[in-house]
Structures are given as structure tokens and as C-alpha cells.
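Given next are the chains, with one letter for each unit.
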Amino acid sequence: MQMIQETADLSAYLAADEVIDHHHPLVRETAARLADGVADSYEYARAAFEFVRDAIPHSQDSGDLRVTWRASDVLEQGTGICYAKAHAFAALLRAEDIPTALCYQQFDVVHGLVAVRFNGAWHRQDPRGNKPGVDAQFSLDGERLAFTPDPEFNELDYPVLYAAPHPVVLDALKAAPDRPHLWRILPTAL
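Definitions and cut-offs
- Residues numbered from 1 in each chain as written.
- Predicted model: local features only at pLDDT ≥ 70, side-chain atom pairs only at ≥ 80, totals over all residues.
- Heavy atoms only, no water.
- Salt bridge = Lys/Arg side-chain N within 4 Å of Asp/Glu carboxyl O.
- Helix = DSSP H or I, 4+ residues; strand = E, 2+ residues; numbered from the N terminus.
- Buried < 20%, exposed > 50% of the residue type's maximum accessible area, 1.4 Å probe, protein only.
- Contact = heavy atoms within 4.5 Å.
- Axes fitted to C-alpha atoms, helices over the stretch in contact; angles between N-to-C directions.
- Parallel < 35°, antiparallel > 145°, perpendicular 65-115°, else oblique.
- Left-handed = near helix turned anticlockwise from the far one by under 90°.
- Nonpolar A, V, L, I, M, F, W, Y, C, P; charged D, E, K, R; others polar.
- Arc of directions from axis to C-beta.
- Phe/Tyr/Trp six-rings, centres within 6.5 Å; stacked < 30°, edge-to-face > 60°.

*Asks:* Give me the lowdown on the pattern of salt bridges, citing residues and values where you can.
*Replies:* Applying the stated criterion to the full structure yields 10 salt bridges. Across the pair Arg124 and Glu143 runs a salt bridge whose closest N-O atoms are separated by 2.6 Å. Here Arg124 is found in strand β4 (residues 121-125), whereas its partner Glu143 is found in the loop between β4 and β5 (156-157), with 19 residues between them in sequence. Salt-bridge contacts for Arg144 lead to Asp135; the nearest nitrogen and oxygen are separated by 3.5 Å. Arg144 gets classed as partly exposed once you look at its relative accessible area, which sits at 39%. By relative accessible area, which is 43% here, Asp135 ends up partly exposed. By sharing partners, the salt bridges in this structure join Glu18, Arg70, Asp73 and Lys174 into a single network.

In C-alpha cells form, the structure reads like this:
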């Protein structure tokens, strides 16, 4: 799939905002801890991916009813759905000056991913969290995502690489007082 940058300005994929708040002390502290002892930015990106994938449970899998959307809140509360975990992963990467985009897939609902830029190319990663039947891995040599869309079922990969969360996604996260409510209003398309 040919990925399309929302903007040609790579600095947009390093920016901090209210969601990807990589200037927050908790994000900086977590990034520094993950960067300690790694040899390069590739190892750091893998360590950050594995941390978000493995140490922060997907709230549906763990039964956690809380809804997080800001990267620092995901790290503080230790929970989030795919979008929130993608926000946390993006913030950790941007904290170490690694260009990071948000991207999406469409199944019954929209699924959130991250694309990381290395060697002049974007590589999609899925920090959602593994479980039986889901084995997402950090990879720069071919995608190892949690899910693969099936066009027969009108599932698809959205090609756009967003510098900030898509408004439809962010609006749903912000509007939900808890995960059961969020499940009723998850976006089904972008």
C-alpha cells in the first residue's frame, strides 16, 4: 500500500499537542527510561513499541472500563484502546525525535495504528497488544500488524498518515465517560 503523508512537512510528525503530549514529564521520564542502554533509535523504537504493546493492557482485553486518549494519561493510568495506545507510542517516539504518524484501518470499526519513519520510509506498527490470535511485532521488514483487512468484507487500510489524531477518533474518545459507552460510538469509517 502506498502511504500518503497528510503534510509534506516532516516536522508535523514530531510535534507535540494536547493528545501526543511528549513534552509532559511522565512521557519524558518514560522515554528516558526506555532509551537508557539502547544502542540506537531503532532499538529505542522497538523498546517503546514493546513497552506500549506489553506493559499497557488494551482496556477491552483487561476489562478496564476507563477511557484514555492523551498519551500521558495512557502512561499514568496504564490502560487504553488501540487509539490511545497509538497516541502513547507516538508520543514516546516523538520524545526521541523519531517522526511518527497516526494511521488507521477499517473493520467493523476503525482501528488505530502508528507509522514510524526510518531510512526515508514509513513503517506501520500496531501496539494494540497481543492475545490469542493476535501477534503484532515491531518490524521494519514487512508489516506484522494485529489485523489484516479483508476486502471481501469491505475492510481496508486507510493510506493517509496523520500528524494528529483523526477528529472522528478523538471526538469519540473525548465523548465517552467509560468504555461500554465508547463501544457504542466507535467510528465505523473516517
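After presenting the structure, the write-up continues.
*Asks:* Before we move on, can you summarise the side chain of Thr30 with the specific residues and values?
*Replies:* Turning to its location among the elements, Thr30 is positioned in helix α1 (residues 25-35). The class of Thr30 is buried, set by a relative accessible area of 2%. The contact partners of Thr30, leaving out residues within four places of it in the chain, are Phe51, Leu75 and Leu92.

*Asks:* For the packing of α1 against helix α2 (residues 41-55), give the residues involved together with the corresponding values.
*Replies:* For the pair α1 and α2, the least separation of the axes is 9 Å and the interaxial angle reads 120 degrees. By the angle class used here, α1 and α2 are oblique. Crossing of α1 against α2: the hand is right-handed. Contacts from Thr30, Ala31, Arg33, Leu34 and Ala35 of α1 reach α2 at Tyr44, Ala47, Ala48 and Phe51. In terms of residue class, the contact of α1 with α2 is built from seven nonpolar, one polar and one charged.

*Asks:* How would you summarise α1 if you had to cite specific residues and measurements?
*Replies:* Every buried residue of α1 is listed here: Val27, Thr30, Ala31 and Leu34. Angular distribution of buried residues about the axis of α1 spans 100 degrees; they occupy a single face of the element. Turned more than 90 degrees from where α1 packs its buried face, Pro25 and Glu29 sit exposed. Looking at the buried positions of α1, the neighbouring elements they touch are α2, α4 (71-77) and α5 (82-95). Backbone geometry just downstream of α1 places Gly37 in the positive-phi region, at approximately 90 degrees.

*Asks:* Can you explain the packing of α1 against α5? Please cite residues and give values.
*Replies:* Viewed as axis vectors pointing N to C, α1 and α5 meet at an angle of 70 degrees, and their least axial separation amounts to 9 Å. Between α1 and α5, the angle falls in the class roughly perpendicular. Crossing handedness for the pair α1 and α5: right-handed. Along its contact with α1, which presents Val27, Arg28, Thr30, Ala31 and Leu34, the element α5 presents Ala91, Leu92 and Ala95. Across the contact of α1 with α5, the residue classes tally to six nonpolar, one polar and one charged.

*Asks:* So what's going on with the packing of aromatic side chains? Which residues, and what values?
*Replies:* Scanning the entire structure with this criterion turns up seven aromatic pairs. Between the aromatic rings of Tyr13 and Trp122, the centroid separation amounts to 5.1 Å while the plane-to-plane angle is 65 degrees, which identifies the pairing as edge-to-face. Of the two residues, Tyr13 sits in the loop between β1 (4-5) and α1 while Trp122 sits in strand β4, which places them 109 residues apart along the sequence. Residue classification places Trp122 among the buried positions, given a relative accessible area of 10%. With centroids separated by 4.5 Å and ring planes inclined at 35 degrees, the aromatic side chains of Tyr42 and Phe118 adopt a geometry described as tilted. Here Tyr42, found in helix α2, pairs with Phe118, found in strand β3 (residues 110-118); they are 76 residues apart in sequence, far enough to count as distant. Taking relative accessible area as the criterion, Tyr42 reaches 30% and is therefore assigned partly exposed. What makes Phe118 buried here is its relative accessible area of 6%. An aromatic cluster is defined as three or more aromatic residues linked by ring pairs; in this entry it consists of Phe49, Phe89 and Phe138.

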